[in-house]
Amino acid sequence: MEILNSKIFGENVSSTPLLVFHGLFGMLDNWGSFGKDMGEYLPVHLIDLRNHGRSFHSESMSHDDLANDIANYMEYYGMQKAYVLGHSLGGKAVMQFAIQYPEKVEKLIVVDISPKAYPPHHQGIIKALESVDFNTVSSRNEVEAVLGQYIPEKSTIQFLTKNLYWDDQKKLNWRFNLATLSGKYNEFVSNAIKFGVFEGDTLFISGEKSNYILPQDEYAIKQQFPKAKIVTVKNAAHWVQADNPVDFAAVVKEFLGLN
């Protein structure tokens, strides 16, 4: 059984642990400052999803896979229950997990994603990533230049190039498993999570400038997560925790009773 890679803050704090999962093409490092801050209050596990960061690569990438990975991780670390937080694709993973393993979830936090199926919307990014030829590029700047032909936003390019590393052949490469993430894309983005109900305390956090959670999604959210509260963070788009870290952390702390 392969266990997801993680970085742990606040290991010595005795409290229910908080597990944090990043979004598509992300990695646990994206959550470093949040993890450090929250680690003052409780143990925080920042975790790389399969096919991302330093976690294992696999040809399989369904919501069920992601949920089972979380269950295996908790078992490995001897956790009975945890607070579980996921952003975007990580949000899909933790929703599926809460429905399949409700007894393991103390409270659920879903960041800027709803349970519904989303139309494919990363084609430009995938095309950009696939157009990088690691046999011909030998620096980060060259990779950024290739991505810049397809992606106008500097911040998105910087987010993606955090995944670059030098492999055993002394060549640049992506940490994420691009072949599976592009090949299985429809399985995890264009699929709703399976129908089921999680009765526990649930918080959905949306970014004020994001359109991932729409007012009309509230009905579907409440059907599967009847106790869900939806809070909007001001001055934030899809990457809520990066756009407004102070308000984001405050909302999470209030929900977990850490204030």
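Preceding this paragraph is the structure being described.
Structure report, in brief. For every chain, the first residue of the written sequence is number 1, and numbering continues from 1 along that sequence. Whole-chain, interface and lining totals are the exception, using all residues; otherwise, since this is a predicted model, local features are given only for residues with pLDDT of at least 70 and side-chain atom pairs are given and counted only at 80 or more. Excluding hydrogens and water, the side-chain values take into account all heavy atoms of the structure.

**Here's the deal with the layout of surface pockets**
This is how the line gets drawn: As defined here, a cavity is a set of points on a 1 Å grid over the protein atoms alone where a 1.4 Å probe fits but cannot get out. A pocket is an open set with protein on both sides within 12 Å along at least five of seven lines, and residues line them when an atom is within 4 Å of a point. Grid points are joined across faces, edges and corners, and a volume is the space filled by probe spheres set on the points. Numbering of helices and strands runs from the N terminus; a helix is a DSSP stretch of H or I covering at least four residues, while a strand is a stretch of E covering at least two.
Its boundaries defined by the atoms lining it, the largest pocket holds a volume of some 440 Å³. As for the largest pocket, its lining consists of 19 residues, and the residues nearest its centre are Asn 30, Trp 239, Gln 241, Ala 242 and Asp 243. Only helix 1 (32–38), helix 6 (154–161), helix 10 (240–243) and helix 11 (245–255) provide two or more residues apiece to the lining of the largest pocket. The element best represented in the lining of the largest pocket is helix 1, accounting for four residues.

**Digging into the pattern of salt bridges**
Pairing between side chains becomes possible if they bear opposite charge and their charged atoms approach one another. Threshold: By salt bridge we mean one thing: a side-chain nitrogen of Lys or Arg within 4 Å of a carboxyl oxygen of Asp or Glu. Only protein chains enter the accessibility calculation, which uses a 1.4 Å probe. A residue is then buried if its area is under 20% of the maximum for its type, exposed if over 50%, and partly exposed in between.
Counted under the stated rule, the structure contains seven salt bridges. The residue Asp 69 makes a salt bridge to Arg 50 at a minimum N-O spacing of 2.7 Å. Residue Asp 69 is located in helix 2 (residues 63–76), and its partner Arg 50 is located in the loop between strand 3 (44–47) and helix 2; the two are separated by 19 residues in the primary sequence. Judged by its relative accessible area of 6%, Asp 69 falls in the buried class.

**A word on the nonpolar core**
Where we set the bar: Think of a nonpolar core as a cluster: buried Ala, Val, Leu, Ile, Met, Phe, Trp, Tyr and Cys residues, connected wherever their side-chain atoms sit within 4.5 Å. Whether two residues are in contact is decided by their heavy atoms: any pair within 4.5 Å suffices.
If you look at the biggest cluster of nonpolar residues, it comprises 62 residues, and the most contacted ones within it are Phe 25, Leu 147 and Trp 174. Per element, the largest residue contribution to this core is seven residues, and it comes from helix 3 (residues 89–100). For Phe 25, the contacting residues outside a window of four places in its chain are His 52, Ile 125, Ile 126, Leu 129, Phe 159, Leu 160, Asn 163, Phe 176, Leu 178 and Leu 181. Core analysis: the next-biggest nonpolar cluster, separate from the first, contains 25 residues, Val 20, Val 44, Val 233 and Val 240 among them.

**Description of empty space enclosed by the protein**
The criterion, for reference: Charged means Asp, Glu, Lys or Arg here, nonpolar means Ala, Val, Leu, Ile, Met, Phe, Trp, Tyr, Cys or Pro, and polar covers whatever is left, Gly included.
Under the counting rule described, the total for this entry stands at two cavities of 30 Å³ or more. There is about 80 Å³ of room inside the largest cavity. Lining the largest cavity are Leu 24, Ser 88, Leu 89, Lys 92, Ile 113, Tyr 118, His 121, His 122, Phe 188, Val 189 and Tyr 212. Within the lining of the largest cavity, the residues separate by chemical class into seven nonpolar, three polar and one charged. Each pocket or cavity is described by its volume, and for the second largest cavity that value is around 30 Å³. If you trace the second largest cavity, you find it lined by His 22, Gly 23, Gly 26, Asn 30, Trp 31, His 87, Phe 159, Trp 239 and Gln 241. Considered class by class, the residues forming the lining of the second largest cavity number three nonpolar, six polar and no charged.

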